[in-house]
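Examining the three-dimensional arrangement
Here is what each chain is made of, one letter per residue.
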Amino acid sequence: MTVATVSPILHNINSLVGFLKKGRRLESDHSDIGLIERTKRCKIETNLGVSEEARFADEEKSRSSGMRFGYLHKCLGLNDDEIDRLRNENTQNLLLNYKKLHLVLDLDHTLLNSTFLDNMSPDEEYLKTQTQYDHSLQHVHIVDTPSMRLMTKFRPYIRTFLMEASQMFELSIYTMGNRDYALEMANVLDPGNQIFGGRVISRSDSTETDRKGLDVLLARDSAVLILDDAKDVWTNDNQDNVIVMPRYHFFKSSCQQFGLSNRKPYSELKTDECDRYGGAYLANVLQLLRHIHTIFFNEGWDLIDRDVRLVLKILQKEVLKGCKIVFSHVFPSNVKADTHPLWKMAEQLGATCSTQVDSSVTHVVAVDARTQKSCWAVKEGKFLVNPQWVHTANFMWQKQPEDNFPCQTNS
């Protein structure tokens, strides 16, 4: 089944025009949304050669006038009523006829890692001349065009992940990178355009300059999941849709960008990412997505009224359910404990957090095994773990073996 079969209104401009005319009972080719005339005008301007300044001005005008869907067709403009109708009908079609939700995928540090060729370290130079068959690494790609010279490494398990996820979700790319880069990555990830079907959203398509938002997607927010390495890059209204991914750092420049200069990258180690059980992290995410999909489409209330964000919250609350955690010297002294992100994260995972130890405590989270509460945990037979135990549970969506996160004695 191709993407176009599932959602024709998103991939063929002629079909979209017909769909709009049918929905509004228009009989001429000149609907009052001006779609046809804008298409003609855009072609004329393109042939004449529009300046970069004019194009930028058009982009800004489009953002303010509701033309948010230039990634589907560069001259496509929809008014608010039509946007709402298309969202509802497209979502209803996917839910009822194909049992599919929407999945929005970030690129950098989520699906892949890129670096400029000129920024590669001497220990990474081998990647420029050796093919992926010469070493244990897979999916290393060089992009050398007049506009960009870079190397991209896909996250392990990417091909299987995309193919199997596309059976349960309609997939879109959304990156804060520029459009040329986004399209180049989409082409390498999906050479036949069977998975993304043109749904490639870049920075210039966003209605806010420094935030991503689902207002540029023809789907109801209640039927959309997002995979991204950062939640705060999304608007507040859409952060409940986000499944946060641990950042994928393959190249040295990526580690340096995030202050991990002391960490030797996978590229120089000639190895690659795996979870604590030896598998690919994307395999774990795919398992989570299957679980979410099963729960969402389980027998129950009307499909159209369901909200995938509620499913996320329910599953998240199960991760550390039954755990009572005391944090020992984890937070700065000038920070109120229950306002710290780690405390809030533990509560979102279903744990009960406290500042005082008692018999009901199951875990003490500490950075030093010599603190008073750490010693109490050892004496009372409670679990003593380092803070990464909470972070990993959050990324993996399951409680982690405590023995894998020992609390060390700081010198």
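Up top is the structure.
Here's a quick rundown of the structure. As the structure is a prediction and not an experimental result, all values here were calculated from the model.

Grouped burial of nonpolar side chains is what soluble globular proteins tend to show. Ranked by internal contacts, the top residues of the largest apolar core, which has 50 residues, are Phe161, Leu189 and Leu289. At the level of elements, strand S1 (101–105), strand S4 (148–154), helix H7 (158–165), strand S5 (169–174), helix H8 (179–189), strand S7 (224–228), helix H11 (281–296) and helix H12 (308–318) are the ones that each hand at least two residues to this core. Beyond its immediate chain neighbours, meaning those up to four positions away, Leu189 contacts Leu107, Leu111, Leu112, Phe154, Ile158, Arg159, Leu162, Ile173 and Phe196. By size, the runner-up hydrophobic cluster in this structure holds 21 residues, among which are Phe327, Val330, Leu342 and Val385.

Within H12, the full set of buried residues consists of Val308, Val311, Leu312, Leu315 and Gln316. Within H12, the buried residues cover an arc of 130° as seen down the axis, which keeps them to one side. Elements that come into contact with the buried residues of H12 comprise S1, S7, strand S8 (242–244), H11, helix H13 (341–348) and helix H15 (388–396).

Turning to the side chain of Asp228, a few remarks are in order. Positionally, Asp228 belongs in strand S7. Take Asp228: its relative accessible area is 2%, and that puts it in the buried class. Side-chain polar atoms of Asp228 contact the backbone nitrogen of Ala230, separated by 3.2 Å.

This part covers the packing of aromatic side chains. One pass over the full model with this rule turns up seven aromatic pairs. Taken together through their ring pairs, the aromatic side chains of Tyr248, Phe250, Phe251 and Tyr266 make up a single cluster. The ring of Phe250 carries the charged tip of Lys153 above its face, separated from the ring centre by 5.3 Å. The positively charged end of Lys270 is found above the aromatic ring belonging to Tyr126, 4.5 Å away from the centroid.

Turning our attention to the packing of H7 against H11. Relative orientation of the contacting elements H7 and H11 amounts to 10°, with a least axis distance of 9 Å. Compared by their axis directions, H7 and H11 come out roughly parallel. Counted together, Ile158, Phe161, Glu164 and Ala165 of H7 and Leu282, Val285, Leu286, Leu289 and Arg290 of H11 form the full contact between these two elements. Here the contact of H7 with H11 is composed, by residue class, of seven nonpolar, no polar and two charged.

Procedures and definitions
Residues numbered from 1 in each chain as written. Predicted model: local features only at pLDDT ≥ 70, side-chain atom pairs only at ≥ 80, totals over all residues. Heavy atoms only, no water. Core = buried A, V, L, I, M, F, W, Y, C linked by side-chain atoms within 4.5 Å. Buried < 20%, exposed > 50% of the residue type's maximum accessible area, 1.4 Å probe, protein only. Helix = DSSP H or I, 4+ residues; strand = E, 2+ residues; numbered from the N terminus. Contact = heavy atoms within 4.5 Å. Arc of directions from axis to C-beta. Polar contact = N/O pair within 3.5 Å; in protein donor to acceptor, adjacent residues only side chain to side chain. Phe/Tyr/Trp six-rings, centres within 6.5 Å; stacked < 30°, edge-to-face > 60°. Lys NZ or Arg CZ within 6 Å of the ring centre and 35° of its normal. Axes fitted to C-alpha atoms, helices over the stretch in contact; angles between N-to-C directions. Parallel < 35°, antiparallel > 145°, perpendicular 65-115°, else oblique. Nonpolar A, V, L, I, M, F, W, Y, C, P; charged D, E, K, R; others polar.

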